[in-house]
Amino acid sequence: YSCKRRGFCPSCAARRMTESAALLVDEVLPHEPVRQWVLSVPFPLRYLFATDPVAMGAVLGIVYRALAAHLVRKAGLTQKTGRTGAVTLIQRFGSALNLNIHFHLLVLDGVYELTAAGPRFRCVAAPTPAELDALLGQIVTRIARQLERRGLVVRDAENSYLSAGPREEDSVAAVVGHSITYRIAVGPNEGRKAFTLQTVAPMLTAPAGDERLAKHSGFSLHAGVAAAVHQRDKVERLCRYIARPAIATTRLALTAQGLVRYTLKTPYRDGTTHVMFEPLDFIARLAALVPKPRVHLTRYHGVFAPHSALRAQVTPAGRGKKTGVSERSPAERHRAMSWAQRLKRAFRIDIESCERCGGKVKIIASVEDPAVIGRILAHLEQTKQASGSAADLTTAHRARGPPGQREFDLN
């Protein structure tokens, strides 16, 4: 029961999350250490990326090349003798349903050394705080230079970079801008800050700093999450986390006054725990989060790129160009999983096998009429009350013979 659209169907979102994680773990990411790099950008660039996907792609290429060059140098190799790879999942949402375009890059925590016998993986140490600061400064400089060259940003007298704005007017531009800045987009309160609830005392002291976090000119680069070779389950959980849907329906509710209340996953430092929306403004928030058509939110770099000569050698499924093989066979192609397979993959729930006999379970009917469903549930409840316990419905007791002489003697 999924609509297969680009919106916010919970069924579609769960399907995409589970299948994307399974695809990356089974067919793309090799059995090597992986590190997550997260790059956040300032408000003006979020607006630019939302209205100009081409500029966003160019910036993402700059970020990956900087990270790849850093890893190659740290491994003691050169661009001709070393290669690495990454998979980027572009997230468009923040914890308060605001438009927050940022990059989650799953980068190999090492480099493939090109040898005559084939690629050989060499691990590298985790980045130090000084390396993170230098790397982020290099990324910021290159991004500003590239966008200024393309005419997308301008430089003022103080040498600071300001967005030059979109090249063409868009009917959703105002909605996008208000979503980025946490403001109401439509209605009589347009332009005002979104209504929030503070139910936790504000933090009086700043939290402990993260040694794997660097900040520069509104940018932030985090590299504190990594998975070792044997932690494939952690890699899959990480993939599901960065491929998760924008809305957590369990944190969404409707108040008695008709407002939409969304609970934050983690309270803000000022004690904010909930964000409130008018129904029309809530729809505007959702509209801002929908990506433009034909904009890919998953990108492959380096040895994982579609045209990489090393892709077939390093990926578990041998994806890519193969010598003597013009096309992958139907058995090798990735196929969509059934809902039973997704439940088993994500929650370790196996509904395809009978608990008692171990046989294959199959769907014999799909009951959708509410009246029929109500009668079935009412009948099961009556049967449960009549039997005294739910266990009697599934447990078959064997018949026993008459009591023996010893039982009479005990009485």
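Residues numbered from 1 in each chain as written. Predicted model: local features only at pLDDT ≥ 70, side-chain atom pairs only at ≥ 80, totals over all residues. Heavy atoms only, no water.

## What about the overall build of the protein?
What counts here: Only DSSP runs of H or I reaching four residues or more are called helices, and only runs of E reaching two or more are called strands; each is numbered from the N terminus. Between buried and exposed lies partly exposed: a residue is buried under 20% and exposed over 50% of the maximum accessible area for its type, with that area taken using a 1.4 Å probe on protein chains only. Residues count as neighbours in contact if any of their non-hydrogen atoms are within 4.5 Å of one another.
Looking only at helices and strands, one finds 12 helices and 15 strands in the protein. Every one of the 411 residues in the protein was classed for burial, and the buried ones make up 39%. Excluding contacts between residues fewer than 6 apart, the proportion of contacts in the protein whose partners are at least 24 apart in sequence is 66%.

## Quick word on the packing of helix 1 (residues 10–28) against helix 6 (residues 232–242)
Two quantities define a packed helix pair, namely the angle between the helix axes and the distance between the axes. Inclusion rule: Orientation is described by lines fitted to C-alpha atoms, with helices fitted over the stretch in contact, and by angles between N-to-C directions that extend from 0 to 180 degrees. For classification, angles of less than 35 degrees are called roughly parallel, those exceeding 145 degrees roughly antiparallel, those between 65 and 115 degrees roughly perpendicular, and all remaining angles oblique. We call a crossing left-handed when the near helix sits turned anticlockwise from the far one by less than a right angle, and right-handed when that turn is clockwise. Classes in brief: Ala, Val, Leu, Ile, Met, Phe, Trp, Tyr, Cys and Pro nonpolar; Asp, Glu, Lys and Arg charged; the others, Gly included, polar.
Direction vectors running N to C along helix 1 and helix 6 enclose 140 degrees, while the axes themselves pass 8 Å from each other. Judged by the inter-axis angle, helix 1 sits oblique to helix 6. Considering how the two elements wind past one another, helix 1 and helix 6 form a crossing that is right-handed. Here Met17, Ala21, Ala22, Leu24 and Val25 of helix 1 come into contact with helix 6, specifically with Arg232, Val235, Glu236, Cys239 and Arg240. A class-by-class count of the residues in the contact of helix 1 with helix 6 yields seven nonpolar, no polar and three charged.

## As for the nonpolar core
Heads up, the rule is: Working definition of a nonpolar core: buried Ala, Val, Leu, Ile, Met, Phe, Trp, Tyr and Cys residues. They are joined through side-chain atoms within 4.5 Å.
Ranked by size, the top nonpolar core spans 62 residues in total, and within it Trp37, Phe49, Phe103, Ile143 and Leu147 carry the most contacts. Per element, the largest residue contribution to this core is 12 residues, and it comes from helix 3 (residues 53–74). When neighbours within four sequence positions are excluded, Phe103 is seen to be in contact with Trp37, Val38, Leu39, Phe49, Met56, Val59, Leu60, Thr88, Leu89 and Ile90. Of all hydrophobic cores here, the second largest spans 22 residues; its members include Val28, Phe121, Ala227 and Val314.

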